[in-house]
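# Examination of the molecular architecture
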Amino acid sequence: MARQAKCGKRPREDPVPGASVSLEMTYCSFCGRLSQRCACHEAGSDLQRFLERGGKSYAPYKRDAPYKRGVPPQVKSAERRHLQKQYKNWHTILTESNGECCANCGERKDLVLDHVLPIAKGGLSRLDNLQLLCSTCNRIKGKLAIDCRPAKHRE
Ligand SMILES: [Zn+2]
Ligand SMILES: [Zn+2]
């Protein structure tokens, strides 16, 4: 008489050769895309243009969880509204603590508040996720997650 298996576990099937390799997906720590689809490290990419402009190299924004994908539009607009409400206040605080200049290239004109971790990737409108960038650096950075603040502000 065949005894019933105790916990109903079925024997695991042998893995398909090579499957464990293809399942391991790595994501770019700057743009959050699949590494195979990301151009960050290619010459002329947004990341390279940003680094050239600042003449520095940065570690990507540190975070515990991977980038959020598909942040709902209502969450994004709520975060944008929250930023607008606090904009002047936070702009003043950052200017006073880090100087009135772009955290990447040092430009003093056309400064804007930039989300270190973009809203589209799950970033929040909070003072600890904001930095001052000039409009050019802000445009190049786009949805990349790059922390340009002085080390004391990083987590
Ligand atoms: Zn990338
Ligand atoms: Zn700049």
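Everything that follows concerns the structure shown earlier in this document.
Numbering of residues starts from 1 in every chain and runs along the sequence as written. Chains carry letters and ligands carry numbers; both start at the beginning, A for chains and 1 for ligands, and go up in the order they are written. Residue-level local features of this predicted model are given only where pLDDT is at least 70; pairs of side-chain atoms are given and counted only at 80 or more, and the full residue set underlies all totals for whole chains, interfaces and linings.

### Let's talk about the overall build of the chain
Basically, it comes down to this: Under the DSSP-based scheme used, a helix requires at least four consecutive residues in state H or I and a strand at least two consecutive residues in state E, with every element numbered from the N terminus. Any residue whose C-beta has 12 or fewer other C-beta atoms within 10 Å is treated as exposed, any with 20 or more as buried, and any in between as partly exposed, C-beta atoms being built from the backbone. In this description, any two residues whose backbone-derived C-beta atoms lie within 7 Å of each other are considered to be in contact.
Of the regular secondary structure elements, the chain holds four helices and two strands. Expressed as a percentage of the 155 residues in the chain, the buried residues total 25%. Here the contacts in the chain between residues at least 6 apart in sequence split such that 66% fall between residues at least 24 apart.

### Let's talk about the pairing of strand β1 (residues 111-115)
Defined as follows: Strands are treated as partners if at least two bridges between them are detected by DSSP.
Of all five residues making up β1, four are buried, and the element is well covered by its neighbours. As judged from the five bridges shared by β1 and strand β2 (residues 130-134), these two strands associate in the antiparallel manner. Bridge pairing in β2 places D114 opposite Q131.

### Some words on the pairing of β2
Here β2 lies mainly inside the structure; five of its five residues are buried. Alternating positions in β2 separate into two faces, L130, L132 and C134 on one and Q131 and L133 on the other, with burial throughout.

### Considerations on the nonpolar core
Which entries qualify depends on this criterion: Here, a nonpolar core means buried Ala, Val, Leu, Ile, Met, Phe, Trp, Tyr and Cys residues linked by C-beta atoms lying within 7 Å of one another.
Counting 23 residues, the largest nonpolar core has F30, C102, L132, A145 and I146 as its most contacted members. The residues contacting F30, other than those within four sequence positions of it, are C40, L47, P60, L144, A145 and I146.

### Regarding unusual backbone geometry
Its identity as a non-glycine residue notwithstanding, D110 has a phi of 50°, on the positive side. By the secondary structure assignment, D110 is in the loop between α3 (73-98) and β1. Assessed through the 12 C-beta atoms surrounding it within 10 Å, D110 is described here as exposed.

### Notes on the environment of E52
Within the secondary structure layout, E52 lies in helix α2 (residues 46-54). Exposure remark for E52: the 13 C-beta atoms within 10 Å place this residue in the partly exposed category. The spacing of E52 and C105 is 53 residues in sequence and 9.1 Å in space, taken between C-alpha atoms.

### So, the environment of L124
With respect to the helices, strands and loops of the structure, L124 is situated in the loop between β1 and β2. According to the C-beta neighbour criterion, L124 is partly exposed, with 15 such atoms within 10 Å. Remark: the alpha-carbon pair of L124 and V75, spanning 49 residues in sequence, is separated by 9.5 Å. Among residues more than four places away in sequence, those in contact with L124 are E79 and N129.

### Topic: α2
For clarity, the cut-off: Taken from the helix axis, the directions to the C-beta atoms give the arc we talk about.
Every buried residue belonging to α2 is among L47, F50 and G54, and all of these are buried. On an axial view of α2, the arc spanned by its buried residues comes to 65°, and they lie on one face. Where α2 is buried, its residues meet α4 (135-141). Backbone geometry just after α2 places G55 at a positive phi near 65°.

### Quick notes on α3
Inclusion rule: For a helix, the expected span equals 1.5 Å multiplied by the residue count minus one.
Taking 1.5 Å per residue as the helical rise, α3 with its 26 residues ought to reach 38 Å, whereas the 32 Å between its terminal C-alpha atoms falls clearly short. Phi turns positive, to about 90°, at G99, one or two residues after α3.

Purely geometric stuff here, so don't read any function into it on its own.
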